[in-house]
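Residues per chain are reported as follows:
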Amino acid sequence: MTETYKWVLRCFLECMEGKQPKAVVTNGDGAMREAIKQIFPDANHRLCTWHLNKNASENVKNRNNFLDGFSKVMYSNFTIDEFEEYWSQMIKENGVQGHPWVVKTYENRSLWATAYLRDNFFGRIRTMSQYEAINAIIKSYVRKQGCIFEFMNNFDQATRDYRNNELVADFKPSSIDPVLSTQLPVIESHAGKIYTAKLFKEVRHEILKAGELIVRDKSEVGGRKTYRLTKFCKDGYERSVVYDGSTFKCSCKRFESRGIPCSHIFYVMKEEHVDRIPSNLVLTRWTKDAKIQFLNSSNCNDNVDLNMIAEACFGSYCMVLTEFCKEASKKDGVYAQIMEDLMQLKKSIAVKMMMQSVHKSQ
Ligand SMILES: [Zn+2]
């Protein structure tokens, strides 16, 4: 079986022009795990949390407190010490110390516990649900009795519909201004301008959580300030943020694992009068103009598939123009003016492109 998975992964690599994924999420199948190790040696591997929860409820029966504790220990942003302490207390309380599934799962903890995976970036993916969702979409376009030609045709249609959803999602964030609601509106407003709507919600939650924090102590060595923070009425809680004048680094490692600044960093930004999220804490992939940056940089890169770039550009142009046409067609008495402006725009772009091609050929 490992050989079959290796073949599939090699095909994937070929499609991706040799680019390995940074992270892989699986259901824990041993043969697949071995294939991943051999073909994607640099990828971080984690087990699907949905499958782990399902296995926990099937293997450890009649112990509801164990399932709650297991979920908590899996998702919480514990340090390794906090994880170990919570785990040993939780399995003692539930009387499952020697349970074979619990013992085996604990041995694999570096593949599922957030405490052990905090250093690794998984693009915010913890389950295989996205893959299951794609399966469900494809299924609705495929008939059991269909021939291969029909399958390819329907598959193509399914892919086009899926991409259209992406275009709609791309457009939404740029057309909505978020309502500011935190105690740090300047930082929040900056976050609203740069992040997509979905990410902004999560970033705003981190800004809100900064309100619960208190400085335990602050020290400075050679221009590096260290803030030790705790939470209001939670004396045992501690995280530390180091700030060297340009970068912030927090012991909770939320930025390293989720790609967004944590509440602790937002708190220290306030203390240090930093009113914009530093660019080294903003991952392009979570920003509104991620695609624009990609398309602009790709034009100069010969290794990128030109058809793919052309398709992405075509999608973006259509998205913007369709919205514009929808709005414009509802207005009376502007047709002649808009058509004249569009023709003018078309001419000026044509001249610009001609100048660029002349410049390149010189
Ligand atoms: Zn933090």
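Just so it is clear, the model here is predicted, and its values are computed rather than measured.

Calculation rules
- Residues numbered from 1 in each chain as written.
- Predicted model: local features only at pLDDT ≥ 70, side-chain atom pairs only at ≥ 80, totals over all residues.
- Heavy atoms only, no water.
- Helix = DSSP H or I, 4+ residues; strand = E, 2+ residues; numbered from the N terminus.
- Buried < 20%, exposed > 50% of the residue type's maximum accessible area, 1.4 Å probe, protein only.
- Contact = heavy atoms within 4.5 Å.
- Polar contact = N/O pair within 3.5 Å; in protein donor to acceptor, adjacent residues only side chain to side chain.
- Axes fitted to C-alpha atoms, helices over the stretch in contact; angles between N-to-C directions.
- Parallel < 35°, antiparallel > 145°, perpendicular 65-115°, else oblique.
- Left-handed = near helix turned anticlockwise from the far one by under 90°.

What follows concerns the environment of Arg 228. The residue Arg 228 is located in strand β4 (residues 224-231) in this model. A relative accessible area of 28% places Arg 228 in the partly exposed class. Apart from the residues lying within four places of it in its own chain, the contact partners of Arg 228 are Ile 214, Val 215, Arg 216, Asp 217, Glu 238, Arg 239 and Ser 240. One polar contact links Arg 228 to Glu 238, side chain to side chain, over a distance of 2.8 Å.

Quick look at the packing of helix α10 (residues 185-194) against helix α11 (residues 197-209) now. Geometrically, a packed helix pair is captured by the angle between its two axes and the distance between the axes. At a minimum axis distance of 9 Å, the contact between α10 and α11 shows a crossing angle of 165°. Here α10 lies roughly antiparallel to α11, going by the angle between them. For the pair α10 and α11, the crossing hand works out as right-handed. Here α10 contributes Ile 187, Glu 188, Ala 191 and Gly 192 to the contact with α11, which in turn contributes Phe 200, Val 203, Arg 204 and Ile 207.

Another point: the side chain of Arg 254. By secondary structure assignment, the location of Arg 254 is in helix α12 (residues 254-258). Setting aside residues no more than four positions away along its own chain, Arg 254 makes contact with Asn 77, Glu 202, Glu 206, Gly 259, Ile 260 and Cys 262.

In short, shape yes, function no, at least from these values alone.
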